[in-house]
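Architecture and fold: a report
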Amino acid sequence: MDTFQHMITRQRKWMFYLLALLVLGWGLTPYKSVFLGLLLGSALSFYNLWLMQRKIRKLGEASGESKSVKGLGTFSRLASGALAVVIALQFEDHFHLIAVVLGLMTVYFVIMIDYLVYKG
Amino acid sequence: MGLVAAAIAVGLAAVGAGIGNGLIVGRTVEGIARQPELRGTLQTTMFIGVALVEAIPIIGVVIAFIVMGQ
């Protein structure tokens, strides 16, 4: 496996650990709406991560074989961010809005920390 | 007024993401075409670049929808 495949596997593993921790927080602490918001944001953030990894892998394969790809999925990722906010605004008593926004940003923390730890 | 603000926010976010992603993808494809054996490294760098470029536009869209929802 090359460096990119290793990175993909690590990032997915860390996101699964984080989602498991958030489920535990939702189940065991009294801050239900905060953890539910974080869970919603992180789940859609994980979808963003998966989509980004998939599209970039396809682009790399296609450019190696001089084929073409249809877009990078940027608008799908923007739309999933919008979907998280729409759900949070629709069910305001279940989801904490700031927690949803923070949850959407978790994947970038995971990517940056993974890069800083494994850059050597 | 909120609708106009949301439209401007989403539009400028999309412009920023488009220009940034275009630059990154263009250079990466050029690099892979020159040295196909470095594909893994270039893909990793591109992945981190695309992630960083898209973080702010997503926040822009989120803020636009919050403004529109209130």
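In the block above lies the structure referred to throughout.
A few points on the structure.

Reading the values: the criteria
- Residues numbered from 1 in each chain as written.
- Chains lettered and ligands numbered in written order.
- Predicted model: local features only at pLDDT ≥ 70, side-chain atom pairs only at ≥ 80, totals over all residues.
- Heavy atoms only, no water.
- Axes fitted to C-alpha atoms, helices over the stretch in contact; angles between N-to-C directions.
- Helix = DSSP H or I, 4+ residues; strand = E, 2+ residues; numbered from the N terminus.
- Contact = heavy atoms within 4.5 Å.
- Nonpolar A, V, L, I, M, F, W, Y, C, P; charged D, E, K, R; others polar.
- Salt bridge = Lys/Arg side-chain N within 4 Å of Asp/Glu carboxyl O.
- Buried < 20%, exposed > 50% of the residue type's maximum accessible area, 1.4 Å probe, protein only.
- Buried area = accessible area lost by both parts, 1.4 Å probe.
- Polar contact = N/O pair within 3.5 Å; in protein donor to acceptor, adjacent residues only side chain to side chain.
- Expected span 1.5 Å × (residues − 1).
- Phe/Tyr/Trp six-rings, centres within 6.5 Å; stacked < 30°, edge-to-face > 60°.

Residue and element names in this part refer to chain A. In contact at an axis separation of 4 Å, helix α4 (residues 97-104) and helix α5 (residues 106-118) are set at 35° when each is read in the N-to-C sense. Packed against α4, whose contacting residues are L102, G103 and L104, the element α5 presents T106, V107 and Y108 at the interface. Split into classes, the residues belonging to the contact of α4 with α5 amount to four nonpolar, two polar and no charged.

Scanning the model with the defined rule gives five salt bridges over all chains in all. With its nearest N and O atoms 3.7 Å apart, the salt bridge here joins R57(A) to E61(A). With R57(A) and E61(A) both in helix α2 (residues 32-64), this residue pair falls four residues apart, about one helical turn. The class of E61(A) is partly exposed, set by a relative accessible area of 32%. Here E54(B) ties to R77(A) by a salt bridge, and the two come within 2.4 Å at their closest N and O atoms.

Tracing the backbone shows L97(A) in helix α4. Sequence-wise, L97(A) and I87(A) are 10 residues apart; in three dimensions their C-alpha atoms are separated by 9.6 Å. Not counting chain neighbours up to four residues away, the residues in contact with L97(A) comprise V85(A), A88(A), L89(A) and I66(B).

Quick look at the interface of chain A and chain B now. Taken together, the contact pairs 34 residues of chain A with 27 residues of chain B. For the pair chain A and chain B, the summed buried surface comes to about 2,700 Å²; carbon and sulfur atoms form 82% of the total. Per-residue buried area on chain A facing chain B is highest for I56(A), L78(A) and Y108(A); these three make up 19% of the total on that side. Taken together, the links from chain A to chain B amount to one salt bridge. At the surface where chain A touches chain B, the tally comes to five residue pairs in polar contact (both at pLDDT 80 or more). Secondary structure elements with two or more residues in the side of chain A that touches chain B: α1 (3-28), α2, α3 (74-90), α4 and α5 of chain A. Tallying contributions element by element places α2(A) first for the side of chain A that touches chain B, with 11 residues. For the side of chain A that touches chain B, the class distribution of residues is 21 nonpolar, nine polar and four charged.

With 13 residues, α5(A) ought to run about 18 Å at 1.5 Å a step, and its terminal C-alpha atoms sit 18 Å apart, in line with that. Within α5(A) the residues assigned to the buried category are T106(A), V107(A), Y108(A), V110(A), I111(A) and D114(A).

The terminal C-alpha atoms of α1(A), which comprises 26 residues, lie 38 Å apart, in line with the 38 Å expected from a rise of 1.5 Å per residue. Those residues of α1(A) that sit buried are F4(A), M7(A), I8(A), R10(A), Q11(A), M15(A), L19(A), L22(A) and G25(A).

Our next topic: the packing of aromatic side chains. Throughout the structure, instances matching the rule amount to four aromatic pairs over all chains. Residues F4(A) and F47(B) carry aromatic rings whose centres are separated by 6.0 Å and whose planes lie at 75° to one another, so their mutual orientation is edge-to-face. On the criterion of chain membership, the pair formed by F4(A) in helix α1 and F47(B) in helix α2 (residues 39-69) is interchain, its members lying in two chains. Here F4(A) and F47(B) have matching classes, each one buried. The interplanar angle of 70° and the centroid separation of 5.6 Å between the aromatic rings of W14(A) and Y17(A) together place this pair among those described as edge-to-face.

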